[in-house]
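Each chain, letter by letter, is given below.
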Amino acid sequence: MKPARFEYVAAKTVAEAIDARSSFDDTVILAGGQSLIPMLNYRVAQPDAVIDINRVPGLDTISVDNGAVRVGALVRHRQLELSAEAFAAHPLLREALDNVAHIPIRNRGTICGSIAHADAAAEMPAVLVCLDGFVTAQGSGGERNVPASDLFLFHMTTTLDSDEIITSATFPALPKGSGYAFEELTRRHGDYAVAGICAVITPGPDGNCASASLSACGIAEKPVRLSAVEAALVGTNLSDDAVSAAAALVDDMVTNEDDGAGGRYRRQVARTLITRAVAKACQRAAQGRA
Amino acid sequence: MLNQPDRTATQGLADEDRIPVSVTVNGEAYERSVSPRLLLSDFLRHELRLTGTHVGCEHGVCGCCTIRLNGETARSCLTLAVQVDGCEIHTVESLGSKSALGPVQQAFKECHGLQCGYCTPGFLMVVTDYLENNADPDLTDAGIRTALSGNLCRCTGYQNIVAAVRRAHKIMHAG
Ligand SMILES: Cc1cc2nc3c(=O)[nH]c(=O)nc-3n(C[C@H](O)[C@H](O)[C@H](O)COP(=O)(O)OP(=O)(O)OC[C@H]3O[C@@H](n4cnc5c(N)ncnc54)[C@H](O)[C@@H]3O)c2cc1C
Ligand code: FES
Ligand code: FES
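Calculation rules
Residues numbered from 1 in each chain as written. Chains lettered and ligands numbered in written order. Predicted model: local features only at pLDDT ≥ 70, side-chain atom pairs only at ≥ 80, totals over all residues. Heavy atoms only, no water. Domains from an automatic or database assignment. Contact = heavy atoms within 4.5 Å. Buried area = accessible area lost by both parts, 1.4 Å probe. Salt bridge = Lys/Arg side-chain N within 4 Å of Asp/Glu carboxyl O. Polar contact = N/O pair within 3.5 Å; in protein donor to acceptor, adjacent residues only side chain to side chain. Helix = DSSP H or I, 4+ residues; strand = E, 2+ residues; numbered from the N terminus. Axes fitted to C-alpha atoms, helices over the stretch in contact; angles between N-to-C directions. Parallel < 35°, antiparallel > 145°, perpendicular 65-115°, else oblique. Left-handed = near helix turned anticlockwise from the far one by under 90°. Nonpolar A, V, L, I, M, F, W, Y, C, P; charged D, E, K, R; others polar. Buried < 20%, exposed > 50% of the residue type's maximum accessible area, 1.4 Å probe, protein only. Core = buried A, V, L, I, M, F, W, Y, C linked by side-chain atoms within 4.5 Å. Near = heavy atom within 4 Å. Pairing = 2+ DSSP bridges.

Undergrad: For this particular structure, what's the right way to read the domain arrangement of chain A?
TA: Reports often express the size of an interface as the amount of accessible area lost when the parts come together. Residues and elements named next belong to chain A. Segmenting chain A into domains produces domain 1 (7-52), domain 2 (62-171) and domain 3 (179-287). Between the C-alpha centres of domain 2 and domain 3 there is a distance of 21 Å. With 25 residues of domain 2 in contact, the opposing surface of domain 3 contributes 27 residues. Across the interface of domain 2 and domain 3, roughly 2100 Å² is buried in total on both sides, 60% from carbon and sulfur atoms. The largest contributions to the domain 2 side of the interface with domain 3 come from Glu 95, Ala 120 and Cys 130, which together make up 26% of the buried area. Counting across the domain 2 and domain 3 interface gives three salt bridges. A salt bridge links Glu 95 to Arg 284; the nearest nitrogen and oxygen atoms lie 2.7 Å apart. Where domain 2 meets domain 3, there are eleven residue pairs in polar contact (both at pLDDT 80 or more). Secondary structure elements with two or more residues in the side of domain 2 that touches domain 3: α5 (91-97), α8 (123-130) and β8 (152-154).

Structure below.
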């Protein structure tokens, strides 16, 4: 349980980190280390070089702009969770972060690291997918924004090039009049989710569902958008029956049978979490209007 | 003798490039040269001979290696020693001594919050952080259990650890 040998590069700028990424065959970025170092310890990862970005200045800022929240590559889970400004603008983020691991791990782990790591059961990638967010990546080819819908390929794999670094992630604002919720089931608080559901619901003036965004983690090989459920919710009066009928459409998307939670059980969990998340989101939307 | 670094534990790393690290641990300054792949947990235990920090799983799950890094709890098994250059670290050794236990240590002793003691250093660090960093810590069962959720104990069944957290809070606010 000790890492194999690697070159250690303490980058002082993003450019230095990108250079280092191109000058070795196999590199990893050391952000919070909360997923990387376990993999090094197990020797699942045996990179030629570990590029530490912790001493790059300017990457630890949270910026709030008209309800959207952008987090730099070194913003720790706990830093965003405790940010009063981010909470006031975008309370969904804190609700989701409360489910990410435990405080000592959230003190070190970063949001961008979690997105880059792309664990299929991780919460923040699912939140990014639900909100149609994006990451900003820099590589030898320059800078680009990659939307969440194009980012996640499968468990622990993104579409980013091997020389690219995520410099920030942007979570777009919650729509006006909407309600939100993040609901998940774990065997123990802070563990990776059996299933997690992120929901943003906007009721129209008539109380019917005007728009719905839902995503899930833990149920498939990557964080997924629940488009069929969304389509079934829009236009309904969001009654218990309507929501249950829509939630049942998640069944086909549940492909993960691992971790002691078989397919049937996980489908049931996902349905239940959807009904809970939608109910909570509707309640919050109603409170917001009152 | 006791203060000699334990070279056997890091011998395999002897021929590797070493990187200088200066770090303050429990108020004392240390300078060492370390291999980049040396974990902070092994650095504390083998290089500095601070064996109070325990190592259970080396992948972040058990919590017994928890220390405070610049005032915040962190897993020393998920930190490289080279990362802590210029940092301030507190380990369980900072909480008290055999003749003068700190309040959290005293509470664990009084409430039988430990049996074999393997997990205890991590619990003591997490509980200290929880009680020091929260002006008004949630002392309900659920609040305490959430605060402790990142630490595993195979012996006690947690009941007495939960009791020890409340007791420690009392001791800390007694005078
Ligand atoms: C016991 C335990 C429980 C956990 N439970 C959960 C949980 O319930 N939910 C959850 O979501 N996570 C959980 N985690 C993981 C934790 O959230 C990690 O912090 C996170 O997944 C990775 O972030 P990091 O900053 O630590 O990344 P690192 O570990 O430093 O890096 C992880 C990977 O991402 C790459 N990377 C990191 N930053 C960048 C970047 N800026 N650009 C490009 N690539 C980058 C690295 O190359 C590496 O491959 C848990 C971890 C532990 C140890
Ligand atoms: S040894 Fe570090 S968490 Fe188990
Ligand atoms: S007292 Fe033995 S593991 Fe906790």
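Undergrad: Teacher, can you tell me more about the packing of helix α4 (residues 120-133) of chain B against helix α6 (residues 159-172) of chain B here?
TA: Packed helices, taken two at a time, are described by the angle their axes make and the gap between the axes. All names here are of chain B. The contact between α4 and α6 brings their axes to 11 Å, and the two run at 45°. In terms of orientation, α4 lies oblique with respect to α6. Considering how the two elements wind past one another, α4 and α6 form a crossing that is right-handed. Across the interface between the two elements, Phe 123, Val 127, Leu 131 and Glu 132 of α4 pack against Ile 161, Val 165, Ala 168, His 169 and Met 172 of α6. Each residue belonging to the contact of α4 with α6 can be placed in one class, and the counts come to seven nonpolar, one polar and one charged.

Undergrad: Help me understand helix α2 (residues 40-47) of chain B, please; the structure alone is not making it clear to me.
TA: Note on helix geometry: an α-helix contains 3.6 residues per turn, so any two residues three or four positions apart are oriented the same way. Residues and elements named next belong to chain B. Burial analysis of α2 places six of its eight residues in the buried class, the great majority of the element. Buried within α2 we find Leu 40, Ser 41, Asp 42, Phe 43, Leu 44 and Glu 47. Of the residues flanking the end of α2, it is Arg 49, one or two places downstream, whose phi is positive at about 60°.

Undergrad: Teacher, can you tell me more about the interface of chain A and chain B here?
TA: Each side of the interface is counted separately: chain A has 28 residues, and chain B has 31 residues. Carbon and sulfur atoms supply 53% of the area buried between chain A and chain B, which totals about 2500 Å² over both sides. In this assembly, chain A and chain B are joined by two salt bridges. Across the salt bridge formed by Glu 58 of chain B and Lys 2 of chain A, the nearest N and O atoms sit 2.5 Å from each other. Where chain A packs against chain B, one counts twelve residue pairs in polar contact (both at pLDDT 80 or more). Secondary structure elements with two or more residues in the side of chain A that touches chain B: α2 (36-41) and α6 (103-106) of chain A. Among the residues forming the side of chain A that touches chain B, the class breakdown is 13 nonpolar, eight polar and seven charged.

Undergrad: Help me understand the nonpolar core in this model?
TA: Considering soluble globular proteins, one finds that nonpolar side chains tend to be buried as a cluster. Within the largest apolar cluster, 54 residues are counted, with the highest numbers of intra-cluster contacts made by Val 71, Leu 80, Leu 92, Ile 111, Ile 115, Val 127 and Phe 171 of chain A. Val 28 of chain A together with Val 34, Val 82 and Val 84 of chain B belong to the second-largest nonpolar core, a separate cluster that totals 34 residues.

Undergrad: Mind showing me how you'd approach the site of ligand 1 here?
TA: All names here are of chain A. Close contacts around ligand 1 come from 32 residues, with Gly 33, Gln 34, Leu 36, Thr 110 and Glu 123 the closest. One nitrogen or oxygen atom from the main chain of Gln 34 is found 2.8 Å from an oxygen atom belonging to ligand 1. Interatomic distance of 2.8 Å between a side-chain N/O atom of Ser 35 and an oxygen atom of ligand 1. Counting residues per element, the ones that place at least two in the shell around ligand 1 are β2 (27-30), α7 (111-117) and β10 (165-171). For the shell around ligand 1, the leading source of residues is α7, giving four residues. Residues belonging to the shell around ligand 1 are distributed by class as follows: 16 nonpolar, 14 polar and two charged.

Undergrad: What am I meant to see in the sheet that holds strand β6 (residues 134-139) of chain A here?
TA: Picture the strands of a sheet paired through backbone hydrogen bonds; they go either parallel or antiparallel. All names here are of chain A. Strands sit in the order β4-β5-β10-β6-β7 across an open sheet of five strands; the sheet is antiparallel. Taken across any chain shown, the strands that pair with only one partner, and hence form the sheet edges, are β4 (62-65) and β7 (142-147). For this sheet, the mean inter-axis angle between neighbouring strands, taken without regard to orientation, is 20°. Inspection of the sheet shows β4 paired to strand β5 (residues 68-72) by four bridges, in the antiparallel sense. Across the sheet, the residue bridging to Ile 62 is Val 71, located in β5. Contacts from α8 reach β6 and β10 within the one sheet, and its direction differs from that of β10 by about 60°.

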